[in-house]
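So the chains spell out like this:
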Amino acid sequence: MTPPRKTTALKQLLRAPSLDFLLEAHNALSAQIVEEAGFPAIWASGLTLSASLGVRDNNEITWTQMLDLLEFMSDATSIPILVDGDTGHGNFNTVRRLVAKLRQRGIAGVCLEDKLFPKTNSFLRSEAQPLADAEEFCGKIKAGRDASGDDDFVILARTEALIAGHPLAEALRRAEAYRLAGADAVVVHAKEARPDAVFAFLKEWGNRLPVVLIPTKYYATPTAAFRERGVSALIWANHLLRGALGTMQQLAGQIRREESLVGIEDRVAPLAEVFRLQGDAELAAAEKRYLRPTASAASAIILAAGGALDGPGGELPKTLLKIGRESILERIVAALRANQIETLTVVAGYKKELVALPGLRRVDNDHFATTGELASLAVALPHAEGDTLVTFGDVLFRSYIAGLLLRDPADVVIAVDAQPRKTADAARRSDFVRATRAGATDDFLDDAVLLEHAEFAEASAHFHGEWIGLVKLSPRAVGWTREFLAVASAPPAGAIIDLLNHFVRAGRGVKIHYIRGHWIDVDSLPDLDLAQRFSP
Ligand code: SPV
Ligand code: MG
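Nothing here was measured: the structure is a model prediction, and the numbers come from that model.

So, about the overall build of the protein. For the protein, the helix and strand inventory stands at 18 helices and 21 strands. Expected size for 536 residues packed as a compact globule is a radius of gyration near 24 Å; at 31 Å, the protein overshoots this value by more than 25%. Along the first, second and third principal axes, the C-alpha set of the protein runs to 90 × 50 × 45 Å. Every one of the 536 residues in the protein was classed for burial, and the buried ones make up 49%. Excluding contacts between residues fewer than 6 apart, the proportion of contacts in the protein whose partners are at least 24 apart in sequence is 74%. Accessible surface, the protein: about 25,400 Å² in total, of which carbon and sulfur atoms supply 55%.

A few words on the site of ligand 1. The environment of ligand 1 is formed by Trp43, Ser45, Gly46, Leu47, Asp84, Asn121, Ser122, Phe123, Arg158, His189 and Ala237. Interatomic distance of 3.1 Å between a side-chain N/O atom of tryptophan 43 and an oxygen atom of ligand 1. At a separation of 2.7 Å, an oxygen atom of ligand 1 approaches a polar side-chain atom of serine 45. Relative to its unbound accessible surface of 280 Å², ligand 1 loses 100% to contact with the protein. A majority-of-atoms criterion places ligand 1 in the largest cavity. For the shell around ligand 1, the residue count by class is 4 nonpolar, 5 polar and 2 charged.

The next thing to look at is the pairing of strand S17 (residues 429-435). With respect to burial, S17 is a largely interior element, 5 of its 7 residues being buried. Of the pairings in the sheet, the one linking S17 to strand S18 (residues 451-458) comprises 7 bridges and is antiparallel in character. Looking at the pairing, arginine 429 lines up with glutamate 458 of S18. Here S17 runs beside strand S19 (residues 465-473); their pairing, made up of 2 bridges, is antiparallel. Along S19, the bridge assignment pairs valine 433 with glycine 465.

As a packed pair, helix H6 (residues 134-148) and helix H7 (residues 168-181) sit with axes 9 Å apart at the nearest point and diverge in direction by 30 degrees. One finds that H6 runs roughly parallel with respect to H7. Crossing of H6 against H7: the hand is right-handed. In this structure, H6 uses Ala134, Phe137, Cys138, Ile141 and Lys142 to contact H7, whose residues at the interface are Arg173, Arg174, Ala177, Tyr178 and Ala181. Considered class by class, the residues forming the contact of H6 with H7 number 7 nonpolar, no polar and 3 charged.

Let us now look at the pairing of strand S2 (residues 41-44). Of the two faces of S2, both are covered, the one formed by Ala41 and Trp43 as well as the one formed by Ile42 and Ala44. Where strand S1 (residues 20-25) lies against S2, 4 bridges are found, and the strand directions are parallel. Bridge pairing in S2 links leucine 23 to isoleucine 42. Crossover handedness for the path S1 to helix H2 (residues 28-36) to S2: right-handed.

Let's shift gears to empty space enclosed by the protein. For the structure shown, the criterion picks out 3 cavities of 30 Å³ or more. Taken as a whole, the largest cavity spans an internal volume of roughly 160 Å³. Lining the largest cavity are 19 residues, with Leu47, Asn121, Arg158, His189 and Ala237 positioned closest to its centre. For the lining of the largest cavity, a count of residues per class yields 5 nonpolar, 8 polar and 6 charged. Empty space within the second largest cavity amounts to approximately 50 Å³. Taken together, Gly46, Ser50, Arg56, Asp57, Asn58, Asn59, Glu60, Ile61, Met66, Asp86 and His89 make up the lining of the second largest cavity. Residues that form the lining of the second largest cavity fall into these classes: 2 nonpolar, 5 polar and 4 charged.

For leucine 396, the location among the structural elements is in strand S15 (residues 395-397). For leucine 396, a relative accessible area of 2% corresponds to the buried category. With 375 residues separating them in the primary sequence, leucine 396 and phenylalanine 21 have C-alpha atoms 40 Å apart.

Right, let's get into the packing of aromatic side chains. A full pass over the atoms with the stated rule returns 10 aromatic pairs. Taken together, a centroid distance of 6.3 Å and an interplanar angle of 70 degrees make the contact between tyrosine 350 and phenylalanine 368 edge-to-face. Placement of tyrosine 350 in the loop between strand S12 (343-348) and strand S13 (360-364) and of phenylalanine 368 in the loop between S13 and helix H14 (373-380) is noted, with a sequence separation of 18 residues between them. Tyrosine 350 sits in the buried class, given a relative accessible area of 19%. Between phenylalanine 432 and phenylalanine 463, the ring centres sit 5.6 Å apart and the planes meet at 25 degrees, which makes this aromatic pair stacked. Separated by 31 residues along the polypeptide, phenylalanine 432 in strand S17 and phenylalanine 463 in the loop between S18 and S19 bring together distant segments of the chain.

Another point: unusual backbone geometry. Phenylalanine 117 connects to proline 118 through a cis peptide bond whose omega is -5 degrees. Mapped onto the fold, proline 118 is located in the loop between strand S4 (109-113) and H6. The backbone of glutamate 259 shows a phi angle near 50 degrees, a positive value even though the residue is not glycine. Considering the arrangement of structural elements, one finds glutamate 259 in the loop between helix H10 (239-258) and helix H11 (271-277). Look at glutamine 340: it is not a glycine, yet its phi comes out positive at around 60 degrees. The residue glutamine 340 is located in the loop between helix H13 (328-337) and S12 in this model.

The periodicity of an α-helix, 3.6 residues per turn, causes residues three or four places apart in sequence to face the same way. All of the buried residues in helix H17 (residues 496-505) are Ile496, Ile497, Leu499, Leu500, Asn501 and Phe503. Where H17 terminates, the next one or two residues include glycine 507, which has phi positive at roughly 75 degrees.

The next thing to look at is the environment of threonine 319. Inspection of the secondary structure assignment puts threonine 319 in the loop between strand S9 (299-304) and strand S10 (322-323). For the pair threonine 319 and histidine 189, spaced 130 residues apart in sequence, the C-alpha to C-alpha distance is 54 Å. Apart from residues lying up to four places away in sequence, threonine 319 is in contact with Ala304, Ser327, Ile328, Leu329 and Gly393. A polar side-chain atom of threonine 319 sits 2.7 Å from the main-chain carbonyl oxygen of glycine 393.

Thresholds, definitions, all that
- Residues numbered from 1 in each chain as written.
- Chains lettered and ligands numbered in written order.
- Predicted model: local features only at pLDDT ≥ 70, side-chain atom pairs only at ≥ 80, totals over all residues.
- Heavy atoms only, no water.
- Helix = DSSP H or I, 4+ residues; strand = E, 2+ residues; numbered from the N terminus.
- Rg over C-alpha atoms; globule rule 2.2 N^0.38 Å.
- Buried < 20%, exposed > 50% of the residue type's maximum accessible area, 1.4 Å probe, protein only.
- Contact = heavy atoms within 4.5 Å.
- Areas by Shrake-Rupley, 256 points an atom, 1.4 Å probe, with all protein chains shown as cover.
- Near = heavy atom within 4 Å.
- Polar contact = N/O pair within 3.5 Å; in protein donor to acceptor, adjacent residues only side chain to side chain.
- 1 Å grid on protein atoms, 1.4 Å probe; cavity = no way out; pocket = protein on both sides within 12 Å on 5 of 7 lines; lining within 4 Å.
- Sits in = over half its atoms within 2 Å of the grid points.
- Nonpolar A, V, L, I, M, F, W, Y, C, P; charged D, E, K, R; others polar.
- Pairing = 2+ DSSP bridges.
- Axes fitted to C-alpha atoms, helices over the stretch in contact; angles between N-to-C directions.
- Parallel < 35°, antiparallel > 145°, perpendicular 65-115°, else oblique.
- Left-handed = near helix turned anticlockwise from the far one by under 90°.
- Right-handed = clockwise from strand over helix to strand, strands pointing away.
- Points joined across faces, edges and corners; volume = space filled by probe spheres on them.
- Phe/Tyr/Trp six-rings, centres within 6.5 Å; stacked < 30°, edge-to-face > 60°.

Just distances and angles here, no functional claims.
As structure tokens, this is what we get:
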């Protein structure tokens, strides 16, 4: 079934007996966010469109400039857009052109308000704002109706009578005149913190035409109170802009103070989310149809066959332990996806059937109890595509670390913590490495640090850092790994560090990226406690 046209959908929404909600958007991105949140329609607010362009809500953008913005919003969404048409930007003749052009850009309706051009926002200098002559305003409604060329194009008539200090009777008189002129619904606007005047209007109005309200000032009114009184729709008129504003101010301050992105990178939307909203998946699919094939994208292998933690939680595979609301595995998958890795393979063993996530391929190492990491890697390696990140299923890491390894063109790249965390257990054994040199603060400028030797051992001055369990293998290095595993016993014995040491001995070069913190492996209950404080 084809969905109703946007105009028809908006008209039906207003006529339906149920209460509906429109949320403000001020550009195509925020319009998409409104749609994805499940709203049935979008309010293209004059205030927030103006504010997002750095101008005042005083008709400082022209209606033709607004048309161009609206076209982007309409193209990016499939739900109807109701445009704040202010006073109509002129007389009846301007309204005719405005409506005709809005229709051409796929806009479903316009809200006209009975003030004088140029207007200012209703919450500024409100008493001083004169109202339009009611008859002249009725002419605008009729002209818009006649110019729409579509009976379902919605025209809302908004009276500012209450805000301008007129009595209820004047608001009712105007609303009735606008109804008779052909409006599809009326908006009665108010600026008090309590909805009493608006509710008095609703009582007198009855059900002559649907009523739409903008409860910016009387926001604390329970939604049920609007529903009980038969309100057709609420417009939440400026809240995405205000939310974004606060977040941007806070972020800008923090970046300025810290002179670094490290503190905020994992608290802002991943770039992958930006690309998703821009519809990159569609373009990638189209490129496959219309362009010559390109090199395959990256993939990842998560080694999670090992058993459980000793103690509480021990009934689950370690990778399924919860850190906050998400499992370790979910966190790892999110960090990988944030780097555009979509081909994900997890190797499961212990209670393997529990290890499942949407979009994640599972392969099994049924000999997990008697074999090691290389045996698990061997079962997953056929699924390696392009550059392949291999990670343990019990290691949390910030997503940028995976990005560092992926962006490095070397064949084998590992992340090494130059300042491994101290634990109460001085005899803690882990994968420590010796490198061609120690980490330094200008590591990012020097790309010549290579692994000399990796060893499962206790920390000591002999080592330069701790391997965090992440390695990137280029397609060539995946090939070398296959050769190495092919000559090993079946199933192959040993750990990933054995493979890394083999690469070193064979002169392949294992490149090191030094990091400092921003990862944790969960080997014990104290680790699990610490991991609860690991921000994603
Ligand atoms: C807008 O969002 O621009 C509106 C609603 O017109 S209000 O700001 O309440 O006037
Ligand atoms: Mg407005």
